[in-house]
Amino acid sequence: MDDSLAAARRWYAEDLRCRAPVLRNFHLIDAFAAVPRERFVGPGPWRIIAHPSEPFLSPDDDPRWLYHDVLVTIDASRDLNNGQPSFWARNLEHLDLVRGERVLQVGAGTGYYSAVLAEIVGAAGHVTAVEIDPVLASQARANLADWPQVDVVSGDGRAVDAGEFDVVIVFAGSTHPSRQWLDRLAEGGRLLMPMTNESRWGFLLRVIRHGDGFAACSIGGVGIYPCAGGRDEEAGKRLHAALESLSPGRVPIHALHVGDPAPQDAARVWYHAPGFWLERQPAETDATAPEV
């Protein structure tokens, strides 16, 4: 590999350390430095989005254009891109991934972040990368040939059953989690998913399994492409209303429950959607709720 390209990739990874920021899991930095982004975004020149209102075409096909904290278009007609590296680096930091863990990735696209996940969990770990678009799934499978710890599945990520996982990470927005994601989380397992309304905006829900219960919190806001099969119209309206009533940066929740809330739970419900509900943070702790 061209030493200058390797240096550009390392610079990019170190830049993400500050932008995300990455403060605990330094395997993330090495993972971003190891994965060649150019393999996953098609041949250049590339449509690069450093600012949403001013995308530009790179003047040539030098891969160094890709080693910045920018979006790279995969399919402009569908508004599909290779996601913002600092955004996903921050999200991965909140999952505390370690070597040897089993990961379910929903919405693999062309496989770039599947490769990053594979580098983090290492050869002893495993990534099941699910992509509903068969063309993208085929591209991801070819792109990921050098990572044997990744299996690419073409199908519905809300329905694929590939056993127990330590981590489920979802790359598209839903109004509610799949029950299967929750059922397949191992003890101490983590789920990270965008909870979004009809306008594609919402928050990032992080869930941690403790026995039969699930601790829950928001780790920040998000605007993202919708998840096929993951949307309920009425729930989307409720989520929109719940978020509109909040002070900026706060989602006052502390637990996730499966099933529908009982009448006696009404005062505890912050938001509910098909098959689950989020419990409101107790009033006495609202004032000290962490900012997101």
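For the structure itself, consult the block above.
This section reports on the structure supplied with the text. Since this is a predicted model, take the numbers as computed values, not measurements.

We now examine the pairing of strand E14 (residues 276–280). On any regular strand, side chains alternate: one points to one face of the sheet, the next to the other face. Among the 5 residues that make up E14, 4 are buried, leaving the element largely enclosed by the rest of the structure. Both strand E12 (residues 253–258) and E14 contribute to a ladder of 5 bridges, which runs antiparallel. Each residue of the ladder has a partner; that of Ile253, found in E14, is Arg280. Following strand E13 (residues 269–273), the chain reverses through 2 residues before pairing antiparallel with E14; Gly275 in that reversal takes a positive phi of roughly 85°.

Along the chain, Leu92 turns up in helix H3 (residues 85–93). Along the backbone, Leu92 and Leu28 are 64 residues apart, and their C-alpha atoms lie at a distance of 7.8 Å. Not counting residues within four places of it along the chain, the set of residues in contact with Leu92 comprises Leu28, Leu97, Val116, Leu117, Ile120 and Ile169.

So, about the pattern of salt bridges. One pass over the full model with this rule turns up 19 salt bridges. Its salt-bridge partner being Arg39, residue Asp146 comes within 2.9 Å of it at the nearest N-O pair. Residue Asp146 is located in the loop between helix H5 (134–143) and strand E7 (150–154), and its partner Arg39 is located in the loop between helix H2 (27–34) and strand E1 (47–49); the two are separated by 107 residues in the primary sequence. With a relative accessible area of 52%, Asp146 lands in the exposed category. With relative accessibility at 33%, the residue Arg39 sits in the partly exposed group. A salt bridge links Lys237 to Glu234, with the nearest nitrogen and oxygen atoms 3.6 Å apart. Linking Lys237 with Glu234, this pair stays in helix H7 (residues 233–244), spanning 3 residues, or about one helical turn. Sharing partners across several salt bridges, the network here consists of Arg10, Glu14, Arg17 and Asp30.

This next bit is on H2. Residues of H2 that are buried: Leu28, Ile29, Ala31, Phe32 and Ala33. Looking at the packing, one finds that the buried side of H2 touches helix H1 (3–19), H3 and helix H4 (112–121).

Here Asp69 shows up in the loop between strand E2 (56–57) and strand E3 (71–75). Among buried charged residues, Asp69 stands out as having no salt bridge; its nearest opposite-charge side chain is Arg19, 4.1 Å away. Within the local environment of Asp69, its side chain forms a polar contact with the side chain of Ser86, the two groups lying 2.7 Å apart. Not counting chain neighbours up to four residues away, the residues in contact with Asp69 comprise Leu16, Arg19, Gln84, Pro85 and Ser86.

For the rest of this paragraph, the subject is the packing of aromatic side chains. Under the counting rule described, the total for this entry stands at 15 aromatic pairs. For the pair Phe56 and Trp65, a centre-to-centre distance of 6.1 Å together with 70° between the ring planes defines the contact as edge-to-face. For the ring pair Tyr113 and Phe171, a centre distance of 5.8 Å and an interplane angle of 40° mean the geometry is tilted. Of this pair, Tyr113 sits in helix H4 while Phe171 sits in the loop between strand E8 (165–170) and helix H6 (179–183); the two residues are 58 residues apart in sequence, bridging distant segments of the chain. For Tyr113, a relative accessible area of 5% translates into the label buried. Put simply, the rings of Tyr12, Phe32, Phe40, Tyr67, Phe87, Trp88, Tyr112, Tyr113, Trp147 and Phe171 touch in pairs and so form one group of aromatic residues. Note that Arg37 overlies the ring of Tyr112, its terminal NZ or CZ placed 5.6 Å from the centroid.

With that out of the way, let us pick up the packing of H1 against H2. Orientation of H1 relative to H2, taken along the N-to-C sense of each, is 145°, at an axis distance of 8 Å. As for the relative orientation of H1 and H2, their crossing is right-handed in sense. Across the interface between the two elements, Arg9, Arg10, Tyr12, Ala13, Glu14, Leu16 and Arg17 from H1 touch Ile29, Asp30, Phe32, Ala33 and Ala34 from H2. When grouped by side-chain class, the residues that make up the contact of H1 with H2 number 7 nonpolar, no polar and 5 charged.

What counts and how
- Residues numbered from 1 in each chain as written.
- Predicted model: local features only at pLDDT ≥ 70, side-chain atom pairs only at ≥ 80, totals over all residues.
- Heavy atoms only, no water.
- Buried < 20%, exposed > 50% of the residue type's maximum accessible area, 1.4 Å probe, protein only.
- Helix = DSSP H or I, 4+ residues; strand = E, 2+ residues; numbered from the N terminus.
- Pairing = 2+ DSSP bridges.
- Contact = heavy atoms within 4.5 Å.
- Salt bridge = Lys/Arg side-chain N within 4 Å of Asp/Glu carboxyl O.
- Lys, Arg positive; Asp, Glu negative; His and termini not counted.
- Polar contact = N/O pair within 3.5 Å; in protein donor to acceptor, adjacent residues only side chain to side chain.
- Phe/Tyr/Trp six-rings, centres within 6.5 Å; stacked < 30°, edge-to-face > 60°.
- Lys NZ or Arg CZ within 6 Å of the ring centre and 35° of its normal.
- Axes fitted to C-alpha atoms, helices over the stretch in contact; angles between N-to-C directions.
- Left-handed = near helix turned anticlockwise from the far one by under 90°.
- Nonpolar A, V, L, I, M, F, W, Y, C, P; charged D, E, K, R; others polar.

The analysis is restricted to geometry; functional conclusions fall outside its scope.
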